[in-house]
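# Structural features, examined
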Amino acid sequence: MLRLATILIVLFPLVATAATTLKISTLYPDGTTIVSGLKKAGKDIAAQTDGRVKLKIYPGGVMGDDRAVERKIRIGQLHGLVAQGGAFSSAYKDSQILNVPLAFNNYDEVDAVRSELDPVIQKGLEDGGWVSFGLLDGGFAYVMSEQPVKSIADLREQKLWLPANDEASAKAAKAFELSPIMLNIGSVLTSLQTGAVNAFAAPPVAALTLQWYSRVNYVTDMPLLYTFGMLGIHEKYFKRISAEDQKVVRAILDGTFDTLNAKSREENLSAFAAVQQQGLEVIKPNEEQRKEWHRYAEHATAELVEEGEISQAMLDRLNGILAKQRDGQ
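These lines cover the structure that appears in this document, whether it is placed above or below. Every value quoted in this text rests on a predicted model; they were computed, and no experiment measured them. (Residues numbered from 1 in each chain as written. Predicted model: local features only at pLDDT ≥ 70, side-chain atom pairs only at ≥ 80, totals over all residues. Heavy atoms only, no water.)

## Brief notes about the overall build of the protein
- Of the regular secondary structure elements, the protein holds 12 helices and 10 strands.
- Relative to a compact globule of 329 residues, whose C-alpha radius of gyration would be 20 Å, the protein shows 22 Å and is just as compact.
- Its C-alpha atoms put the protein at 85 × 45 × 35 Å along the principal axes.
- Counting only residues that meet the buried cut, the protein has 46% of its 329 residues in that class.
- Within the protein, residue pairs in contact and separated by at least 24 positions form 77% of the contacts whose partners lie at least 6 positions apart.
- For the protein, the exposed surface amounts to about 15700 Å²; the carbon and sulfur share of it is 51%.
- A gap of 8 Å separates the mean positions of the 35 positive and 40 negative side-chain charges of the protein. (Helix = DSSP H or I, 4+ residues; strand = E, 2+ residues; numbered from the N terminus. Rg over C-alpha atoms; globule rule 2.2 N^0.38 Å. Buried < 20%, exposed > 50% of the residue type's maximum accessible area, 1.4 Å probe, protein only. Contact = heavy atoms within 4.5 Å. Areas by Shrake-Rupley, 256 points an atom, 1.4 Å probe, with all protein chains shown as cover. Lys, Arg positive; Asp, Glu negative; His and termini not counted. Charge placed at Lys NZ, Arg CZ, Asp CG, Glu CD.)

## Concerning the pairing of strand β5 (residues 160-163)
- Pairing of β5 with strand β7 (residues 199-202), which is carried by two bridges, proceeds in the parallel orientation. Residue pairing across strands places Trp 161 opposite Phe 200, the latter belonging to β7.
- Note: β5 against strand β6 (residues 181-183), three bridges, orientation parallel. Looking at β6, one finds that Pro 163 is bridged to Leu 183.
- Note that the unit made of β5, helix α6 (residues 167-175) and β6 has a crossover that is right-handed. (Pairing = 2+ DSSP bridges. Right-handed = clockwise from strand over helix to strand, strands pointing away.)

## Section: the packing of aromatic side chains
- Here the structure, examined in full by the defined rule, presents 10 aromatic pairs.
- A ring pair is formed by Trp 161 and Trp 212, whose centres lie 5.2 Å apart and whose planes are at 70 degrees; its orientation type is edge-to-face. Here Trp 161, found in strand β5, pairs with Trp 212, found in the loop between α8 (204-209) and β8 (218-220); they are 51 residues apart in sequence, far enough to count as distant.
- Grouping aromatic residues by their ring pairs yields a cluster made of Phe 104, Tyr 107, Phe 140 and Tyr 226. (Phe/Tyr/Trp six-rings, centres within 6.5 Å; stacked < 30°, edge-to-face > 60°.)

## A look at the pairing of strand β4 (residues 130-145)
- Summarising burial for β4: 16 of the 16 residues are buried, a large majority.
- The pairing of β4 with strand β9 (residues 225-234) spans nine bridges and is antiparallel. Counted as the bridge partner of Gly 139 is Thr 227 from β9.
- With four bridges joining them, β4 and β7 adopt antiparallel strand pairing. Its bridge partner being in β7, Ser 145 is matched across the sheet by Ala 199.
- Note that β4 and β8 share two bridges and pair antiparallel.

## Observations regarding the side chain of Thr 26
- Secondary-structure assignment places Thr 26 in strand β1 (residues 20-26).
- Taking the relative accessible area as the measure of exposure, Thr 26 reaches 2% and is therefore buried.
- Thr 26 has contacts with Val 35, Ile 57, Tyr 58, Pro 59, Gly 60, Gly 61 and Val 82, leaving out every residue within four places of it along the chain.

## Details of unusual backbone geometry
- Even without being glycine, Leu 102 reaches a positive phi, approximately 55 degrees.
- Within the secondary structure layout, Leu 102 lies in the loop between β3 (80-84) and α4 (107-127).
- One non-glycine residue, Gln 211, lies in the positive phi region at around 70 degrees.
- Judged by its relative accessible area of 38%, Gln 211 is partly exposed.

## Regarding the environment of Gln 48
- Along the chain, the position of Gln 48 falls in helix α2 (residues 33-48).
- Put simply, Gln 48 and Asn 105 are 57 residues apart on the chain and 42 Å apart in space, counted from C-alpha to C-alpha.

Limitation: the analysis is restricted to geometry and does not speak to function.
Here it is as structure tokens:
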């Protein structure tokens, strides 16, 4: 017994100082601003914790889609992911509030809402078991298509891609009376090349990064929804880090995501012009068509509330902020 105690005493410092490597998956390709920023943050974290905490980034979807990554997180093969906000909706449904279709007219409205609701979303996710470090601007999603799309009727004629396993998108599509083709993100380019899909809704910067723009001819000047991303690390792995090192990780990643959010906004602001420079023609719905888009968006939003995807209280809060912003208060 004494010998065992002596061995444990000798080993205890080694156990206490053992390095923790947080393994993070993301669909963002290697070399992008996001992945480069995360890798730099990992180096800073390792330096400031004397190697006790490290980040290992798996870019480009090599670990699978969001569902596959969630399974790997449950068994400890991975510890977190950078994904669109909807990927965390099972932990906090109202994390999707910024994705309400046609809620925003411009970035000023986005900023007014985010200044109030970003902390609410982060708190909700943390209560649901995910440690996050700030939201990442994803830009407005636009319809891009092989054939011009001005109206809802035009959209219904397209072979429209939507992400697989995204219940909110599927329910919104149903409200718009669409019959989308649901595929994993890694299958989209091939499907565009073969003609299995001929339209998609995505931020222009994503269309550029993933080369989707090369298979379509038109972009519809209608910001369908605002998108955002975030890094979530499951609390059961984050809590394995000492309290002191948690503070370091939070400080570095909070600062990193502030910087990445600003850089992403810059990229998103220029991306709409960039896809035009690549040859996409801008299609502008007329006033009546715009009204129709908004009528269907209101119906889709009501369906999301009815289905429990977002709460009425959070929707009311969103609309209240937008009303103040539009009134110039």
